[in-house]
Amino acid sequence: MKDPRTRPLRLSLLGLTALLTACGPGHGATPPAGAASKLPAGAAQAQDRWFVELAGDPTALNAQSLGAQQAGFRAQAAASGAQYQELARYRTLFNGFAVQASPADLGRLSRLPGVIGVYPVRQISPPKALNTALGAQALQPDVQSALAMTGADLAQSQLGLSGSGVRVGIIDTGLDLGHPAFQGRVAAGYDFVGDQYDASVPGSVPGSVPEPDPSPDDCQGNGTNVAGILGGNDPAGGFVGVAPGVSLGIYKVFGCQGTTDSATLLTAMERAQADGMQVLNISLGVPFQWPQYPTARAASRLVKAGVVVSAAAGDSGGAGPYSVAAPALGENVLAVAAVDNTRVQLGNFSLSSGGTPVGYQPVVGAPPAPVGLSLPIGKLPGSTPDTDNDGCAIDGLNPYAAGSLSGQAALIRLGNCPAREKILNAQNAGAQAVVLYDNQPGLASVNARPVSPFDTAAIEIPVISVRAEDGVRIDARIAAGVRLTVNAQPQPFDNPSGNTVSPFSASGASPDLALKPDLAAPGGWVRTTTPLKSNPGGYAVLSGTGLAAPQVAGIAALLLQARPGLAAGQLSALLMNTAAPLPALDGGLPAPVQIAPVQRQGAGLVNVLAAYSSPVAATPTRLDLGASLTFGPRSKVIVLRNGGAQAETFRATHVPAQSVGTTGAGRPASEQTARMTINGQNADGAEVTVTVPAAGETELNVLLTPPSRPAQGQYGGYVSLTGASGRRLVVPYGGFVGNYQALTVLGDVSFDGGRTFKNFPALYNPRTFEYYPEGLNLAEPPVYTLKKVQVFDDNGQEITVLDAPQLLVHFGHQARRLTLDVLDASGVSLGTVFTQQYVGRSATALYTDASSDAFSFVGWDGTLAGGQLAPSGTYQLRLRVLKALGNPAVAADTETYLSQNFTVVRE
């Protein structure tokens, strides 16, 4: 039952896809009586791997105390009758275990004395290097402009820095040990899983069990991509990374294909610390989590122990805010966003009317444009560069007349409807190719794959995308007749989105409203190394935040070479202080909102030269302002410390940034900004002069008044300081507009591409694979025997399941705590049987396959809070979720779900 006091209208947090969730037909509709649904094949596999955390910080416990505590857990677990398999034990960065257990047995483990938290062990896919269609391009020097963007080229050539003597660890897919860019550079390494391992493989299938070995040779590729950017050095190949002199520690956590998991990642983190790594790069992670997730907390402990940790923010930019990954979410961990390179290599075509070639990007889900393709260009009659619905269906009908594009390449402007719809309409009208041009600045990365399992239409013609200005140029020439001809060789182009945040880069803040990411670095269209066995050329142009993180790790190594005594926290602060805020891609906005959101870039683009030369540091490095309804105007103190021999004078001012809407999809219509005073003086459009004495410090008293819009969105900006010597410092700030607790956690799920939605949470029967959506009136309550039974899944495979009640839960936002209670037939609580702290959100509300992460399983094993068996009878399950930053004493901060009645029959 939905309690209207605790279940307000759900606000989507998952970008455009989830926006459909909030308004899709059938959302929230109560199903008819008796209409149970069945989970699709593959969806019935519940999460069965978990971290179990014990009380006590491992960094504060000696080995004897830690061992005794963990031995006590094993003994208590055995006495409780809980069935589980221990997968890993952690000793230095996390106090606890990784275990395999059913949702029901997990409840029993969670209630043991000394257990303070359970967290899902998540599968992690290797970051997919984007723009892989460019992988075979020639080794043009233009694509190495990423080094110049951060000052790394001058740090090498003018300061003589290479990272020599610094040990840098990389946790990833390993390294091509035969690549010429890494010869003699690997100082430590280990393969934790073996070539055959794939975490997604069921336990009885070969490859499901790790087979470690000493050689971390890469057979997937991403680790070699990362290592090249961080520290590759191949003079003969014309390639150099950020820190070509570092010693590398290579920690392989992937097999040759498939996934790894966060338990293996945590094991590798402990090994990197034991091997004495000074800097650690982690270009993988689990999105939508908390800073308290085990890998994030372990990364924070690494920083506290003196290791600089640079971690990819994640490539979940399309999923809206609150999508930054763990371990990047960890406190003092440098979460790195991606910035597009200023120069890119592109496939291109010439126009018969002359002029410079037009660079293009391939469209995902369509065949590539073959070299030599030559076609006249046509378009929809009457369309112009201002047409928003160009190529869209009208009342369900194709806007193009049958055969009207026969033998032509169709020019279509993006906007108003999915690109896939436009492409299929043109294809059905006879087009032989499609040229899409953007409706906003930049070069669009277009995905035309189907989003619904019911969409089976095939795109059979080449499709490419070009810049908005190129589309306008082509449009003007169609009337006179113009052809395109695809050229053989890629060419370098100025990137229209260069020096702006890459669209795929994940958005903050963290669920506790701490500002993340921390920094940005080149990660869009960057040239790097690839394994020779998959690409004999050894190099490619790729994209991803996983390629931005090693830029920062390499810069950290350069600074550690220059200042060996610099502490990890000090180095991280220095990099953030001296970063440069990035402009928004849609420039030309009225001042003062031309800066991209801080929730997408943190302090801005990292610069090693600025960090190297700055004698002044600002603390804290960011201002987390919380929710405006809770706090209103906030007063913060920034301390400027001068380690130099001369006084430094700065002009301090307020630089507002763009805000972030609830879904993160596009810029909010209203660009209200916060107001700021510094030391009691107006800093909005004005400057406040401050002086920091030599070897002394000065305080800035900052008062920030939040805006009133966008409602339930995020705002932010910078305290910007410009020195008389030209030095610049920034301190970013961010906050939430309005009532953070108004964001809804428990949401609904669609299994048909967003056309209809099932009312979740739902009671689930693992024996029949049926679920009963919330509000469904059952003619007969489902019966559970609480025994293990053998059943056949939809693929005909026999599996063993516990015939016990479970819940299917979609988390539309992160939750601070989840509590599962059992109620008797009269509705009286029999106690709490499962508690989970710091619950991450679901990736999507649209289920397409088993990897969708649209919902989670929460189970009950039939034991009560005191451990005794529940007798036969009628029961209900009550699920309560305390919202992120919610107050347990405030009823509206908790959402509640009550299942249908079910029957337990013990034989």
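Residues numbered from 1 in each chain as written. Predicted model: local features only at pLDDT ≥ 70, side-chain atom pairs only at ≥ 80, totals over all residues. Heavy atoms only, no water.

A. A look at the overall build of the protein chain. For the protein chain, the count of helices and strands is 15 helices and 49 strands. Against the globule reference of 29 Å for 907 residues, the protein chain gives a C-alpha radius of gyration of 28 Å, in line with a compact fold. Overall, the protein chain is about 80 × 75 × 60 Å in size when its C-alpha atoms are taken along their principal axes. Out of the 907 residues belonging to the protein chain, those deemed buried represent 59%. Looking at the protein chain alone, contacts between residues at least 24 apart form 78% of all its contacts between residues at least 6 apart. A total of about 32400 Å² of accessible surface is found on the protein chain, and carbon and sulfur atoms cover 53% of it. (Helix = DSSP H or I, 4+ residues; strand = E, 2+ residues; numbered from the N terminus. Rg over C-alpha atoms; globule rule 2.2 N^0.38 Å. Buried < 20%, exposed > 50% of the residue type's maximum accessible area, 1.4 Å probe, protein only. Contact = heavy atoms within 4.5 Å. Areas by Shrake-Rupley, 256 points an atom, 1.4 Å probe, with all protein chains shown as cover.)

B. Examining the layout of surface pockets more closely. Considered as a void within the structure, the second largest pocket measures approximately 280 Å³ in volume. Surrounding the second largest pocket, 16 residues form its lining, Pro291, Arg297, Ser300, Gly330 and Glu331 being those nearest its centre. Here the residues of the lining of the second largest pocket are counted per class, giving three nonpolar, five polar and eight charged. (1 Å grid on protein atoms, 1.4 Å probe; cavity = no way out; pocket = protein on both sides within 12 Å on 5 of 7 lines; lining within 4 Å. Points joined across faces, edges and corners; volume = space filled by probe spheres on them. Nonpolar A, V, L, I, M, F, W, Y, C, P; charged D, E, K, R; others polar.)

C. Highlighting the domain arrangement of the protein chain. Looking at the assigned domains, one finds that the protein chain contains domain 1 (49-123), domain 2 (124-129 + 162-344 + 493-583), domain 3 (348-489) and domain 4 (744-904). Between domain 2 and domain 3, the C-alpha centre-to-centre distance is 36 Å. Each side of the interface is counted separately: domain 2 has five residues, and domain 3 has nine residues. Interface area for domain 2 against domain 3, summed over the two sides, is near 510 Å², with a carbon-plus-sulfur share of 73%. The tally of links from domain 2 across to domain 3 stands at zero salt bridges. Connecting domain 2 to domain 3 are zero residue pairs in polar contact (both at pLDDT 80 or more). Taken together, the residues of the side of domain 2 that touches domain 3 break down into three nonpolar, one polar and one charged. (Domains from an automatic or database assignment. Buried area = accessible area lost by both parts, 1.4 Å probe. Salt bridge = Lys/Arg side-chain N within 4 Å of Asp/Glu carboxyl O. Polar contact = N/O pair within 3.5 Å; in protein donor to acceptor, adjacent residues only side chain to side chain.)

D. Representation of the sheet that holds strand β29 (residues 634-642) in the model. Sheet architecture is open: five strands sit in the order β27-β29-β34-β31-β32, paired in antiparallel fashion. The open sheet has two free edges, formed respectively by β27 (616-619) and β32 (681-682), since each of these has just one partner strand. In this sheet, β29 lies alongside β27 in antiparallel orientation, the contact comprising four bridges. In the sheet register, Val616 faces β29, and the bridge partner there is Asn642. (Pairing = 2+ DSSP bridges.)

E. The arrangement of helix α6 (residues 222-231) in detail. Most of α6 is tucked away, with ten of its ten residues classed as buried. Along α6, the residues that are buried comprise Asn222, Gly223, Thr224, Asn225, Val226, Ala227, Gly228, Ile229, Leu230 and Gly231.

F. Region of interest: the state of the cysteines. Applying the stated criterion across every chain, the model contains two disulfides. Paired through a disulfide, Cys219 and Cys256 show a sulfur-sulfur distance of 2.1 Å. What sets the handedness of the Cys219 and Cys256 disulfide is the S-S torsion sign, and at about -95° it is left-handed. Of the two residues, Cys219 sits in the loop between β8 (186-191) and α6 while Cys256 sits in the loop between β11 (247-252) and β12 (260-261), which places them 37 residues apart along the sequence. Accessibility expressed as a relative area gives 31% for Cys256, which makes it partly exposed. (Disulfide = S-S within 2.5 Å.)

G. The UniProt feature "domain: PA" (unreviewed entry) in the protein chain, seen in detail. UniProt records the feature "domain: PA" (unreviewed entry) at residues 388-473, using the numbering of this structure. Between the C-alpha atoms that bound residues 388-473 there is a distance of 17 Å. The span itself is 19% helix and 16% strand. (UniProt positions renumbered as here; feature names shortened; annotations may be inferred.)

H. Here's a closer look at helix α2 (residues 63-80). Between the first and last C-alpha of α2 there are 26 Å, a value that for 18 residues agrees with the 26 Å anticipated at 1.5 Å per step. Leu66, Gly67, Gln70, Phe73 and Ala77 are the residues of α2 that are buried. The buried residues of α2 all sit within an arc of 120° when viewed along its axis, so they share a single face. The exposed set on the far side of α2, more than 90 degrees from its buried face, consists of Gln64, Ala68, Ala78 and Ala79. Next to the buried residues of α2 lie β2 (49-54), β3 (85-90), β4 (96-100), α3 (103-110) and β5 (115-120). Gly81, located one to two residues past α2, shows a positive phi value of around 85°. (Expected span 1.5 Å × (residues − 1). Arc of directions from axis to C-beta.)

I. Region of interest: the sheet that holds strand β33 (residues 688-692). As summarised here, the arrangement of the five strands in space is β28-β36-β35-β30-β33, forming an open sheet in which the pairing is mixed. Where the open sheet ends on each side, the last strands, each with one partner, are β28 (623-627) and β33. Ignoring which end each strand starts from, the neighbouring axes of this sheet average 25° apart. Relative to strand β36 (residues 728-736), β28 is paired through three bridges, and the arrangement is parallel. By the bridge assignment, Leu623 is partnered in β36 with Tyr733. (Axes fitted to C-alpha atoms, helices over the stretch in contact; angles between N-to-C directions.)

J. A look at the packing of α6 against helix α11 (residues 545-562). As a packed pair, α6 and α11 sit with axes 8 Å apart at the nearest point and diverge in direction by 35°. Note on packing geometry: the crossing formed by α6 with α11 is right-handed. Between α6 and α11, the residues in contact are Asn225, Val226, Ile229 and Leu230 and Gly546, Leu547, Pro550, Gln551, Ala553 and Gly554, respectively. By residue class, the composition of the contact of α6 with α11 is six nonpolar, four polar and no charged. (Left-handed = near helix turned anticlockwise from the far one by under 90°.)

K. Representation of the pairing of strand β15 (residues 334-340) within the structure. Most of β15 is tucked away: seven of the seven residues are buried. By the alternation rule, side chains of β15 split into Leu334, Val336, Ala338 and Asp340 and Ala335, Ala337 and Val339, which are all buried. As paired elements, strand β14 (residues 308-312) and β15 share three bridges and run parallel to each other. For Ser310, the partnering residue across the bridge sits in β15 and is Leu334. The sheet contact formed by β15 and strand β24 (residues 519-524) spans five bridges and is parallel. Bridged to Ala337 within β24 is Ala520.

L. Representation of the nonpolar core. Counting 111 residues, the largest nonpolar core has Phe51, Ile171, Met269, Ile282, Leu519 and Leu575 as the members making the most contacts within it. Ranked by residues supplied to this core, first place goes to α11 with ten residues. Domain assignment of the residues forming this core places at least three in each of domain 1 (49-123) and domain 2 (124-129 + 162-344 + 493-583). Counting 45 residues, the second-largest nonpolar core is a separate cluster that includes Tyr772, Leu807, Val809 and Tyr897. (Core = buried A, V, L, I, M, F, W, Y, C linked by side-chain atoms within 4.5 Å.)

M. Just the side chain of Ser465, in detail. Structurally, Ser465 is set in strand β21 (residues 463-466). In contact with Ser465, not counting residues within four places along its chain, are Gly359, Tyr360, Gln361, Val363, Leu436, Leu443, Ala444 and Val446.

N. Quick look at unusual backbone geometry. Omega for the peptide link from Arg709 to Pro710 comes to 5°, which places this bond in the cis form. Counting through the fold element by element, Pro710 comes out in the loop between β34 (697-705) and β35 (714-723). Of note, the amide linkage connecting Phe760 to Pro761 takes the cis form, showing an omega dihedral of 0°. Assignment of secondary structure puts Pro761 in the loop between β37 (746-747) and β38 (762-765). Of note, the phi angle at Asn499 is positive, near 65°, even though the residue is not glycine. Following the sequence through the fold, Asn499 ends up in the loop between β23 (491-494) and β24.

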